[in-house]
Amino acid sequence: MKRIYQLPLLIALQMLLFVSQLRAQQYDVTSPSGLLQISLNVGSTIAYDVTYDGTQLISSSPIAISLNAGAIMLGVNATVSTTETRTVNGPIARLYGKSADLTESFNELQIDFTDNYSLIVRAYDEGVAYRFTTALGGDVIVDSETATFNLAGNPGVIFPEADLALQSWERSYSTYTSISDIAANRFAITPTLFSYPQTGIRVVVAEADLLDYPGMYVQRTATGMKGKWAQYPKTVSDPDDIYSYHRVLTRETFIAKTSGTREYPWRVVIVSTDDKDLLNNELIYKLATPSVLSNTSFIKPGKSAWEWWHDGILETTSIPSGPGNLNYNLYKYYVDFAAAHNLEYMTMDAGYDQSYLAQICQYAATQNVKIFVWDFINLP
C-alpha cells in the first residue's frame, strides 16, 4: 500500500522537474572566430558556462545580485521579456596606447527581464563578459552579489593573495598546481590567472568598468572560485601616517549603496593559448566606459624616475640615500638622472618635505623634467 502511494508522488516530482527543464531557456553567444562560447541557462536561476574550441573551461556557474534586503533579486526566478543581439566590428577612439589604432569585435546578447533589469553578455575572440543593468529609479542597497567561476579540471593558479582584514592591496603571489590546494579561507585580488598545462590554455578572471562599487576578490570553493566583496565601510579612522589612509574600523552588512538605474561592473573571463597574447590583451580597456573628459590637453604620457620602487636607496653614489634621507639633494639627483636618460617625469612619493617642493620643481623645469608628487597635504 505504501508503494502505491509513493508512485504518484514520484511521477509528480518527475513531471515538475520536466516542466522546470522546459521552462529554462538556453542562449549561446559565440566569439567572431567561433572558438569561444558563453552559454546561458535562464530559469529559476541564471547560470553560464564557457567553452573554448569544444573544451569546457567553466561549468554551470550561477550569477545573481540581491538588492534592498532581498526585496529585489536579479537573476532569481527570472522571466524573459525580450532579447536583442548585435555584432560590433570597428575602431575605438583613444588618445594613447600600445598602438595608434584599436579595433573591437564582438557578438552581444541583451536579455531584458520583466522586473526592470537586463543581462548583457559579450563574446570576443580574447574573452567573454557579462553584466547586469537596472532601471529601478532612486537609490538601492546592494546586499550581495553571486559571481561564480566553476573552473573545469582543477587548473593551476597564480594567486595574488589578499590579506584577511582587507586592509592592503599589495600582497604575495603564490603559485599552486591546482586550485584545490588553496586554503578555503584564502582569497585573491583580481585579475587572477589560471592555467591548464596539458592544453596550454590560460584563463584570467577579472572585472571591468568598476564604478561606484567595491572591487571583486575571488575565493576558492568546492567547485572552483567565487566572487567576494568587502562590506561597505561604517566607520573609518583618521589618517595617521604619510600615506593618508582612512582604514575601515567597522563595516555594514551590505556591500554598496548606489543608484537604482545603472550598469553594474563587467565580470570578465579572458582566454588565451599563448602567454604573449595576455600581454597584448586589451579586453578590460574595450569594456570600459569611454572617457568623458572634454579637455585632454593636459594628458601627456611618459616615463618617470621614481624613488619609491627602491626606497630611495642609491648604492653607487656618495649622496646619503634611503627613506631617512629624502631631501632636496636626493631629488635633484633623480631629476638629473631623468634628464640624462630622456625620462619625461620624476615622481616624488610619500615622505618628501614641502619645504623644498617648489625649489625642486623649479630646478626640474630647467632640465625639461616634469614632477609628479604624492599629495598628503591634508594631514595635520
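This text gives an overview of the structure that appears in the document. What you are looking at is a predicted structure, and each value in this text was computed from that prediction instead of being measured. (Residues numbered from 1 in each chain as written. Predicted model: local features only at pLDDT ≥ 70, side-chain atom pairs only at ≥ 80, totals over all residues. Heavy atoms only, no water.)

## Describing the overall build of the chain
And then number 1: Each helix and strand in the chain was counted, giving five helices and 23 strands.
And then number 2: Seen through its C-alpha atoms, the chain measures out along the principal axes to roughly 95 × 45 × 45 Å.
And then number 3: When each of the 380 residues of the chain is scored for burial, the buried share is 42%.
And then number 4: Taking the contacts inside the chain whose residues are at least 6 apart along the sequence as the reference set, 61% of them involve residues at least 24 apart.
And then number 5: Measuring between centres, the 26 positive side-chain charges of the chain sit 6 Å from its 38 negative side-chain charges. (Helix = DSSP H or I, 4+ residues; strand = E, 2+ residues; numbered from the N terminus. Buried < 20%, exposed > 50% of the residue type's maximum accessible area, 1.4 Å probe, protein only. Contact = heavy atoms within 4.5 Å. Lys, Arg positive; Asp, Glu negative; His and termini not counted. Charge placed at Lys NZ, Arg CZ, Asp CG, Glu CD.)

## So, the nonpolar core
And then number 1: Core analysis: the biggest nonpolar cluster contains 53 residues, and Leu 40, Val 42, Tyr 48, Phe 113, Leu 119, Phe 132 and Phe 149 have the highest contact counts within it.
And then number 2: At eight residues, the largest contribution of residues to this core is made by strand E9 (residues 127–151).
And then number 3: Not counting the four nearest positions on each side in its chain, Tyr 48 is found in contact with Ile 38, Ser 39, Leu 40, Ile 58, Ser 59, Ser 60, Ser 61, Ile 63, Tyr 130, Thr 148 and Phe 149.
And then number 4: Formed by 19 residues, the second largest nonpolar core is a distinct cluster that contains Ala 305, Leu 326, Leu 343 and Val 369. (Core = buried A, V, L, I, M, F, W, Y, C linked by side-chain atoms within 4.5 Å.)

## Here's the deal with the pairing of strand E23 (residues 370–373)
And then number 1: The pairing of strand E22 (residues 345–348) with E23 spans four bridges and is parallel. Bridge pairing in E23 places Met 346 opposite Ile 371. (Pairing = 2+ DSSP bridges.)

## Some details on the environment of Ile 182
And then number 1: Along the chain, Ile 182 falls in the loop between strand E11 (173–176) and strand E12 (187–189).
And then number 2: Since its relative accessible area comes to 2%, Ile 182 is described here as buried.
And then number 3: Separated by 123 residues in sequence, Ile 182 and Ala 305 have C-alpha atoms that sit 38 Å apart.
And then number 4: Beyond its immediate chain neighbours, meaning those up to four positions away, Ile 182 contacts Val 157, Phe 159, Tyr 176 and Arg 220.

## Quick word on helix H4 (residues 328–340)
And then number 1: Over its 13 residues, H4 runs 18 Å from end to end, which matches the ideal 18 Å to within 8%, given 1.5 Å per residue.
And then number 2: Turning to H4, its buried residues number three or more, namely Tyr 328, Leu 330, Tyr 331, Tyr 334, Val 335 and Ala 338. Each buried residue of H4 sits inside an arc of 165° when the element is viewed along its axis, so together they form one side. Exposed side of H4, more than 90 degrees from the buried face: Asn 329 and Ala 340 are the residues found there.
And then number 3: Buried residues in H4 make contact with strand E21 (304–306), E22, helix H5 (357–366) and E23. (Expected span 1.5 Å × (residues − 1). Arc of directions from axis to C-beta.)

## Observations regarding the pattern of salt bridges
Note that side chains of opposite charge can pair when their charged atoms are close.
And then number 1: What the rule picks out here adds up to 13 salt bridges.
And then number 2: A salt bridge links Arg 86 to Glu 108, with the shortest nitrogen-to-oxygen separation between them at 2.8 Å. Taken together, the residues Arg 86 in strand E6 (residues 80–91) and Glu 108 in strand E7 (residues 103–113) connect sequence positions 22 residues apart.
And then number 3: According to the relative accessible area criterion, Glu 108 is buried, its value standing at 9%.
And then number 4: For the salt bridge of Lys 286 with Glu 126, the shortest nitrogen-to-oxygen distance reads 2.6 Å. (Salt bridge = Lys/Arg side-chain N within 4 Å of Asp/Glu carboxyl O.)

## Things to note about the layout of surface pockets
And then number 1: Approximately 650 Å³ is the volume found for the largest pocket.
And then number 2: Looking at the largest pocket, it is lined by 24 residues, and the ones nearest its centre are Leu 166, Pro 214, Gly 215, Tyr 217 and Ala 230.
And then number 3: Broken down by secondary-structure element, the contributors of at least two residues to the lining of the largest pocket are strand E14 (201–208) and strand E18 (248–251).
And then number 4: Its residues assigned to classes, the lining of the largest pocket shows 15 nonpolar, six polar and three charged.
And then number 5: Taken together, 24 residues line the second largest pocket, and the ones lying closest to its centre are Tyr 285, Ala 288, Thr 289, Pro 290 and Ser 291. (1 Å grid on protein atoms, 1.4 Å probe; cavity = no way out; pocket = protein on both sides within 12 Å on 5 of 7 lines; lining within 4 Å. Points joined across faces, edges and corners; volume = space filled by probe spheres on them. Nonpolar A, V, L, I, M, F, W, Y, C, P; charged D, E, K, R; others polar.)

## Details of the environment of Ile 360
And then number 1: You can see Ile 360 is positioned in helix H5.
And then number 2: Considered as a pair, Ile 360 and Tyr 328 are 32 residues apart in the sequence and their alpha carbons are 6.6 Å apart.
And then number 3: Sequence-distant contacts of Ile 360, defined by excluding residues within four places in its chain, comprise Tyr 328, Tyr 331, Lys 332, Val 335, Met 346 and Met 348.

## Digging into the sheet that holds E21
And then number 1: Taken together, the three strands give an open sheet; going across it, the order is E21-E22-E23, and neighbouring strands pair in parallel fashion. Since the sheet does not close on itself, it has two edges, and those belong to E21 and E23, each with one partner. For this sheet, the mean angle separating the axes of adjacent strands, direction not counted, is 25°.
And then number 2: Alignment of E21 against E22, held across three bridges, turns out to be parallel. Counterpart to Ala 305 in the pairing with E22 is Met 346.
And then number 3: Where H4 meets the sheet, it contacts E21, E22 and E23, and its direction lies at approximately 155° from that of E22. (Axes fitted to C-alpha atoms, helices over the stretch in contact; angles between N-to-C directions.)

## Focus on the packing of aromatic side chains
And then number 1: A full pass over the atoms with the stated rule returns 15 aromatic pairs.
And then number 2: Their ring planes at 45° and their centres at 5.6 Å tell us that Tyr 48 and Tyr 130 sit as a pair that is tilted. Here Tyr 48, found in strand E3 (residues 46–52), pairs with Tyr 130, found in strand E9; they are 82 residues apart in sequence, far enough to count as distant. The same class applies to Tyr 48 as to Tyr 130, namely buried.
And then number 3: For the pair Tyr 213 and Tyr 264, a centre-to-centre distance of 5.7 Å together with 90° between the ring planes defines the contact as edge-to-face. Here the residue Tyr 213 occupies a position in the loop between E14 and strand E15 (217–220), and Tyr 264 occupies one in the loop between strand E19 (256–263) and strand E20 (266–272), the gap between them amounting to 51 residues.
And then number 4: A network of ring pairs unites the aromatic residues Tyr 48, Phe 113, Tyr 117, Tyr 130 and Phe 132 as a single cluster.
And then number 5: Lys 228 extends its terminal NZ or CZ atom over the ring of Phe 187, reaching a point 4.9 Å from the ring centre.
And then number 6: Taking NZ or CZ as reference, Arg 262 lies 4.6 Å from the ring centre of Tyr 264, over its face. (Phe/Tyr/Trp six-rings, centres within 6.5 Å; stacked < 30°, edge-to-face > 60°. Lys NZ or Arg CZ within 6 Å of the ring centre and 35° of its normal.)

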